[in-house]
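Chains, contacts and geometry: an overview
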Amino acid sequence: MPSVIALDAMGSDRHPKPEIEGAIQAARHYDVRVLLIGPEAAVRAELAKHPAATGLQIDVVHASEVIGMEDKAVQAVRTKRDSTMRVGLRMVREKQAAAFITAGNTGAAMATAKMVLGAIPGVDRPALAAIFPTAIGTVASMLDVGANVDSKAHNLEQFAVMGEIYFRTMFGTKRPKVGLLSIGEEETKGNELTREAFQLLKQLPLNFVGNVEGRDLYSGEIDVIVADGFVGNVALKISEGVANLVRSTLKESLKATITRQVGYLLSRSAFADFKNRLDHTEYGGAPLLGVKGVCFITHGSSNANAIKNAIRVAAEFAQHPINQEIERQLAAIRLAAEAKAARQAEVRGKGTASVPTMPLK
């Protein structure tokens, strides 16, 4: 049976065109059935412009409301009960869809997912995990990249566990290297949050390699980079900006002279490969790890290629018991910590026990 993917047809900046075009490409190339969620009349009107959709496994599910980028997340979640996000996530909860994808308001998507799907036991805050290319031709993952503005050390501890499981499952790396994003490699470097998180991460049963710096993100030496959502989002957006600068600068340079244009024509396939490696749309969306279900969030500027790949990756994610493994491992870590605390308390109790004294003569 094909994987059923619920897609917010009204999430992107240019909705519903990229969503519909991406859904058509995904339904044509992958074994998926796509449910386009949005105001039925508007979605069907756009769908009618694409004869290529005829015969493909694409259906429309009506949702009368849309949460915009300008809407305040918590208020929109409470008041817009028939929003595309709420309808799509409800379908995941009720097992009518394997995953939900949106290019809409990130805060609203996270709040709606927590409310509709609920958090995995042991997870205090979900996290967004972004995938990006490395210098050696592999990929790496960073989380959190925007689901949480403020985080505590135990949140980063949970991010590390979830990120390691996600990367190990999806990319087949037996012992992913996990690093903590900071301003220096030494254990004492960083702010209060990273120093406290370091002590927690080094006690986890993970391949924790310590602190990593921003320049290490794309080296390929680290598989999972842990950060709070504020720093992670800034790092991701700067990286995307640099990638766009490199592409545009290189394109202008190649057109500067006739000699360079000839050189470009002779090595066009190499430049196409270079462009694809830097193109974030090739990697799909970011999973919201830590909720009871599969929810992917993509850029508001997503094009059809980004939507197509988000559908592909979400379908792959849904085929693995990643959420169950996150729940199991967090429970094991919690039990181990409780047992350790009990042993320490017992030792302290013995050390302070009263010593019988001999009666004075």
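Nothing here was measured: the structure is a model prediction, and the numbers come from that model.

With four of its five residues buried, strand S7 (residues 177-181) lies for the most part within the structure. For the handedness criterion, the β-α-β arrangement of S7, helix H7 (residues 192-201) and strand S8 (residues 207-212) is classed as right-handed. Sheet topology note: the S7/strand S9 (residues 224-226) ladder contains three bridges and is parallel. Residue pairing across strands places valine 178 opposite valine 224, the latter belonging to S9.

What follows covers the confidence of the model for the protein chain. Averaged over every residue, the pLDDT of the protein chain is 88; residues scoring 70 or more account for 89%. The low-confidence segment residues 355-361 (pLDDT under 50) makes zero contacts with residues lying over four places distant or belonging to another chain.

This paragraph deals with the packing of aromatic side chains. Overall, the coordinates contain six aromatic pairs when judged by the stated rule. Ring geometry for phenylalanine 132 against tyrosine 218: centres 4.9 Å apart, planes inclined by 50 degrees, an arrangement best described as tilted. One end of the pair, phenylalanine 132, is in strand S5 (residues 127-133); the other, tyrosine 218, is in the loop between S8 and S9, with 86 residues separating them in the sequence. Phenylalanine 132 gets classed as buried once you look at its relative accessible area, which sits at 4%. Where phenylalanine 198 meets phenylalanine 208, the ring centres are 5.3 Å apart and the plane angle is 70 degrees; that geometry is what we call edge-to-face. In this pair, phenylalanine 198 sits in helix H7 while phenylalanine 208 sits in strand S8, placing the two residues ten residues apart along the sequence. Each member of the pair, phenylalanine 198 as well as phenylalanine 208, carries the same accessibility label: buried. In textbook terms, an aromatic cluster arises when at least three aromatic residues are bridged by ring pairs, as seen for Tyr166, Phe167, Phe171, Phe296 and Phe317.

On the surface, Val149, Phe230, Val231, Val234, Ile238, Val242 and Val246 cluster together to form a nonpolar patch covering roughly 590 Å² of accessible area. Relative to the helices and strands, valine 242 resides in helix H8 (residues 229-254). Under the relative-accessibility criterion, valine 242 is labelled partly exposed at 45%.

Looking at where isoleucine 20 falls in the secondary structure, it is placed in helix H1 (residues 17-29). On the basis of relative accessible area, isoleucine 20 is assigned to the buried category, the value being 0%. Separated by 288 residues in the primary sequence, isoleucine 20 and lysine 308 place their C-alpha atoms 9.5 Å from one another. Ignoring anything within four residues of it in the chain, the contact list for isoleucine 20 reads Leu36, Val43, Glu46, Leu47 and His50.

In this structure, proline 16 follows histidine 15 across a cis peptide bond, with omega equal to -5 degrees. Omega for the bond connecting leucine 143 with aspartate 144 falls within 30 degrees of zero, at 10 degrees, which places this linkage in the cis form. Along the chain, aspartate 144 falls in the loop between strand S6 (139-143) and helix H6 (153-171). Positive phi, close to 65 degrees, is recorded for lysine 95, a residue that is not glycine. Among the secondary structure elements, lysine 95 is positioned in the loop between helix H4 (84-93) and strand S4 (99-102).

Reading guide: rules and limits
- Residues numbered from 1 in each chain as written.
- Predicted model: local features only at pLDDT ≥ 70, side-chain atom pairs only at ≥ 80, totals over all residues.
- Heavy atoms only, no water.
- Buried < 20%, exposed > 50% of the residue type's maximum accessible area, 1.4 Å probe, protein only.
- Helix = DSSP H or I, 4+ residues; strand = E, 2+ residues; numbered from the N terminus.
- Right-handed = clockwise from strand over helix to strand, strands pointing away.
- Pairing = 2+ DSSP bridges.
- pLDDT = per-residue confidence, 0-100.
- Contact = heavy atoms within 4.5 Å.
- Phe/Tyr/Trp six-rings, centres within 6.5 Å; stacked < 30°, edge-to-face > 60°.
- Patch = residues over 30% accessible without salt bridge, like charges linked within 9 Å, V, L, I, M, F, W, Y side chains within 5 Å.
- Areas by Shrake-Rupley, 256 points an atom, 1.4 Å probe, with all protein chains shown as cover.
- Salt bridge = Lys/Arg side-chain N within 4 Å of Asp/Glu carboxyl O.

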